[in-house]
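# A closer look at the structure
One letter stands for each residue in the lines below.
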Amino acid sequence: MTAVTNSPEPSDRYRIEPTVWQALKSPKLLTREVLAGLVVALALIPEAIAFSIIAGVDPRLGLFSSFIMAVSIAFLGGRPAMITAATGAIALVIAPVARDHGVEYFIATVILAGGIQIVMALFGVAKLMRFIPRSVMVGFVNALAILIFTSQFPQLIGVPWMVYPLVAVGLVIMYVMPRFTKVVPAPLVSIVLVTAAAVVWSINVPTVGDQGDLPDALPTLFLPNVPVTWETLQIIGPFALAMAIVGLLESLLTAKLVDDITDTRSRKTREALGQGGANILSGLFGGMGGCAMIGQTMINVKASGARTRISTFLAGVFLLILVLVLGDVVAIIPMAALVAVMIVVSIATFDWHSIKISTIKTLPKSEMFVMLSTVVVTVWTHNLAIGVGVGVVVAMVMFARRVAHFTTVTREMVTDESGDEHDGEPAGTVRYTVVGELFFASSNDLTTQFEYSKDPQNVVIDLSSSHVWDASTVVALDAIETKYARYGKTVTFEGMNAATTAFHTRLTGELGSGV
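Each chain has its residues counted from 1, following the order in which its sequence is written. In keeping with the predicted nature of the model, local features appear solely for residues at pLDDT of at least 70, side-chain atom pairs appear and are counted solely at 80 or more, and the whole-chain, interface and lining totals rest on all residues. With hydrogens and water set aside, each side-chain value is computed from the structure's full complement of heavy atoms.

## Here we look at the overall build of the chain
A run of H or I in DSSP becomes a helix once it reaches four residues, and a run of E becomes a strand once it reaches two; helices and strands are each numbered from the N terminus. Secondary structure assignment for the chain yields 20 helices and eight strands. Our radius of gyration looks at C-alpha atoms and nothing else; its globule reference is 2.2 Å times the residue count to the power 0.38. The globule rule puts the C-alpha radius of gyration for 515 residues at 24 Å, and the 30 Å found for the chain is more than 25% above it. C-alpha extents for the chain along the principal axes are approximately 105 × 60 × 60 Å. Burial classes: relative accessible area under 20% of the type maximum marks a residue as buried, over 50% as exposed, and values in between as partly exposed (1.4 Å probe, protein chains only). Of all 515 residues assigned to the chain, the portion counted as buried reaches 52%. Every residue pair with non-hydrogen atoms within 4.5 Å of one another is taken to be in contact. Sequence-distant contacts, at least 24 apart, represent 84% of the contacts inside the chain between residues at least 6 apart.

Printed below as a string of structure tokens:
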């Protein structure tokens, strides 16, 4: 009897459970999603205010942007439970626009960036994620954890000494409570208890209200009053393109990270489209734009256990309610409570296995170097996109170096039956067998592997165990023929596969011999 296995339908590959409908029918799951959204909303408020200050705009722009993007991405995005809001990376990229040209151009830049992201998504930019090696991903995660941790320093240096006991209490609560119950997210309990302690004992420490004014009205439609001219495009275009690239890179990397944590698969192209749509909506309502927030996503997915779009949607809704209706209550939350949450997130985010002695001993040095390069550049520039870009380039170079050493050339003399000599050279044929992939890194030294003056009249180069990948190799093969021709010798290439034959035939003799 033959067992028959049914392969999943294409739509099932992206089915993530629990679904929204399943969560709505389960009081336990729904409670978890609601409370997770509340925790994220509390963490978003000081972050959004801080990022607004970095961008040089009113804090309301950051708060409105976080609300609009969180709500819209819950419907438009391709990765359930991922949090999108105003971010520091985006703030850093477009801050010069607000400083040099004003808020109107700033908002126009956000809207244009959203449009560019949609175009990039339609052209399949999400598929490029497959070219990011695991070592770069590990470096990305570790750098993120370090940045999350170091971003708390302003709230820990030069502050009243009572901040430190409050942070310590918050950390103890978050590490001890999950051992007894996980019904209520530990970060939420920590924030409530630390706030209560600060209020009851009148502890004078920095609060959320000290970070900036909270809005008191709903966001309204905002159309930037900028001239639709080529000059305007020259001003905002470069910043919009940079914002689009940085935003998509961070968002798609975050989506992949959540995929790994939850063992599920998200729709990356839909996520890229959703990010573009969310940025356009953010700009149209006077927001500063943003992208996926890795720290808050980790709070939502890892610390609080959320898995559906409900938590993302409610994070935005709770954010609006907190700043508009409960602004006075939110304002008294000690920053120490939120710092404790972010420290726990940074510790949970870091890939501790990557720095174990056993891992360091077994992992290839090139992989470790790629990971460290990503971490160092990211932490140094405070830009995850630049760090990942450098990491990918380093990985490419290391891979090319490693593959280049796998190419070997062996020489074998084939003489005729008489063993006679011809013009002082051994009669017969010499055969060279090339094994390995031939591309720019491996083919550059290919011409040095042959004995042009000593070889007999006929030279056979066997390429049956290799493949020609680029024009550099064709030039190298042409150079070998040219060198042998100088000695009046004939070169025959054998064993080329169909793709190599077609590629070589099309380019040979057209690029110059290089000698």
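## Describing the sheet that holds strand 6 (residues 429-438)
Taken together, the four strands give an open sheet; going across it, the order is 3-6-7-8, and neighbouring strands pair in mixed fashion. Unpaired on one side and paired on the other, strand 3 (408-414) and strand 8 (490-494) mark the two borders of the sheet. Adjacent strand axes in the sheet meet at a mean angle of 20°, parallel and antiparallel pairs treated alike. Across five bridges, the pairing between strand 7 (residues 458-468) and strand 8 is parallel. Bridging across to strand 8, valine 459 finds its partner in valine 491. The strands touched by helix 19 (residues 471-486) within the sheet are strand 6, strand 7 and strand 8, with strand 7 carrying the most contacts at an inclination of about 175°. By definition, two strands form a pair when at least two bridges between them are found by DSSP. Only the stretch in contact is used when fitting a helix axis, every axis being a line fitted to C-alpha atoms; angles between N-to-C directions are given from 0 to 180 degrees.

## Regarding the pattern of salt bridges
Basic side-chain nitrogens of Lys or Arg form a salt bridge, by our definition, when they fall within 4 Å of a carboxyl oxygen of Asp or Glu. Here the structure, examined in full by the defined rule, presents seven salt bridges. Lysine 256 is the partner of aspartate 260 in a salt bridge, and the nearest nitrogen-oxygen pair spans 3.9 Å. Here the residue aspartate 260 and the residue lysine 256 both occupy positions in helix 9 (residues 230-262), the gap between them amounting to four residues, near one helical turn.

## Description of the packing of aromatic side chains
Pairing of aromatic side chains requires ring centres within 6.5 Å, counting the rings of Phe and Tyr and the six-membered ring of Trp. Pairs whose planes differ by under 30 degrees are stacked, by over 60 edge-to-face, and all others tilted. Taken as a whole and assessed by the stated rule, the structure comprises eight aromatic pairs. A ring pair is formed by phenylalanine 149 and phenylalanine 153, whose centres lie 5.5 Å apart and whose planes are at 80°; its orientation type is edge-to-face. The partly exposed category is assigned to phenylalanine 149, whose relative accessible area is 35%. Since its relative accessible area comes to 34%, phenylalanine 153 is described here as partly exposed. Here the aromatic rings of phenylalanine 439 and phenylalanine 440 are separated by 5.2 Å at their centres, their planes lie at 90°, and the arrangement is edge-to-face. Overall, phenylalanine 440 belongs to the partly exposed group, its relative accessible area being 45%. Here the aromatic cluster, defined as three or more aromatic residues joined through ring pairs, consists of Tyr432, Phe450, Tyr452 and Tyr484. Our definition puts a charge over a ring when NZ of Lys or CZ of Arg is within 6 Å of the ring centre and also within 35 degrees of the ring normal. The cationic tip of lysine 483 hangs over the ring face of tyrosine 452; the distance from NZ or CZ to the ring centre is 5.6 Å.

## Quick notes on the pairing of strand 7
In terms of burial, strand 7 is a largely internal element, eight of the 11 residues being buried. In this structure, strand 6 lies alongside strand 7, joined through nine bridges in parallel fashion. When the sheet's bridge partners are listed, valine 435 is paired in strand 7 with serine 465. Handedness of a crossover is defined as follows: with both strands directed away from the viewer, a clockwise route from the first strand across the helix to the second makes it right-handed. For the crossover from strand 7 across helix 19 to strand 8, the handedness is right-handed.

## Topic: the side chain of threonine 500
When you line up the elements, threonine 500 lands in helix 20 (residues 498-507). Of the polar contacts made by the side chain of threonine 500, one reaches the side chain of histidine 467; its length is 3.4 Å. The contacts of threonine 500, once residues within four sequence positions are left out, are His467 and Val468. We call two N or O atoms a polar contact when they sit within 3.5 Å, provided that within protein one can donate a hydrogen and the other can accept it, with sequence-adjacent residues counted only if both atoms are side-chain atoms.

## Considerations on helix 16 (residues 365-381)
Any helix carries an expected span of 1.5 Å times its number of residues minus one. Its 17 residues give helix 16 an end-to-end C-alpha distance of 24 Å, which sits within 8% of 24 Å, the value for a rise of 1.5 Å per residue. What helix 16 keeps buried is the set Ser366, Met368, Val370, Met371, Ser373, Thr374, Val375, Val377 and Thr378.

## What to know about the nonpolar core
Taken as a class, soluble globular proteins show a tendency for nonpolar side chains to be buried jointly. Core analysis: the biggest nonpolar cluster contains 111 residues, and Ile45, Phe106 and Ile132 have the highest contact counts within it. Per-element accounting of this core gives the leading share, 12 residues, to helix 2 (residues 27-55). Contact partners of isoleucine 45, with chain neighbours within four places excluded, come to Leu63, Val208, Leu214, Leu319, Leu322, Val323 and Val330. With 20 residues, the next largest nonpolar core counts Val430, Leu446, Tyr484 and Leu507 among its residues. Buried residues of nine kinds, namely Ala, Val, Leu, Ile, Met, Phe, Trp, Tyr and Cys, make up a nonpolar core once their side-chain atoms join them within 4.5 Å.

## Some points on the layout of surface pockets
Site definitions follow a grid-based scheme: protein atoms alone, a 1 Å grid, a 1.4 Å probe that fits but cannot get out for cavities, and for pockets an open set with protein on both sides within 12 Å along at least five of seven lines, plus lining residues having an atom within 4 Å of a point. Grid points are joined across faces, edges and corners, and a volume is the space filled by probe spheres set on the points. The computed volume of the largest pocket comes to approximately 860 Å³. Taken together, 34 residues form the lining of the largest pocket, with Glu47, Phe51, Gly88, Leu147 and Ser151 sitting closest to its centre. Mapped onto the lining of the largest pocket, the elements with two or more residues apiece are helix 2, helix 4 (88-101), helix 6 (134-150), helix 11 (294-303) and helix 14 (335-349). A per-element tally of the lining of the largest pocket places helix 2 first, with eight residues. Gly counts as polar in this scheme, as do all residues outside two lists: the nonpolar Ala, Val, Leu, Ile, Met, Phe, Trp, Tyr, Cys and Pro, and the charged Asp, Glu, Lys and Arg. Taken together, the residues that form the lining of the largest pocket break down as 21 nonpolar, 11 polar and two charged.

## Structural notes on the packing of helix 9 against helix 10 (residues 268-284)
Running from N to C, helix 9 and helix 10 cross one another at 135°; their axes reach a closest spacing of 10 Å. Taken together, the axis directions place helix 9 and helix 10 in an arrangement best described as oblique. Judged by the sense of rotation from one axis to the other, the crossing of helix 9 with helix 10 is right-handed. Across from Met243, Leu248, Ser251, Leu252, Ala255, Lys256 and Asp259 in helix 9, the residues of helix 10 making contact are Lys268, Ala272, Gln275 and Asn279. Looking at the contact of helix 9 with helix 10 residue by residue, the classes come out as five nonpolar, three polar and three charged. When an angle is under 35 degrees it counts as roughly parallel; over 145 it counts as roughly antiparallel; between 65 and 115 it counts as roughly perpendicular; any other value is oblique. Should the near helix be turned anticlockwise from the far one by less than a right angle, the crossing is termed left-handed; should it be turned clockwise, right-handed.

## Some thoughts on unusual backbone geometry
The amide bond that connects glutamate 17 to the next residue, proline 18, takes the cis arrangement and shows omega of 0°. Among the structural elements, proline 18 can be located in the segment before helix 1 (20-25). Although it is not a glycine, alanine 81 adopts a positive phi angle of roughly 75°. Structurally, alanine 81 is set in the loop between helix 3 (59-76) and strand 1 (84-85). You can call alanine 81 buried: its relative accessible area is 2%. If you check the backbone angles, aspartate 263 has positive phi at about 55° while not being a glycine. Mapped onto the elements of the fold, aspartate 263 is located in the loop between helix 9 and helix 10. By relative accessible area, which is 69% here, aspartate 263 ends up exposed.

Coordinates in, geometry out; function isn't part of it.
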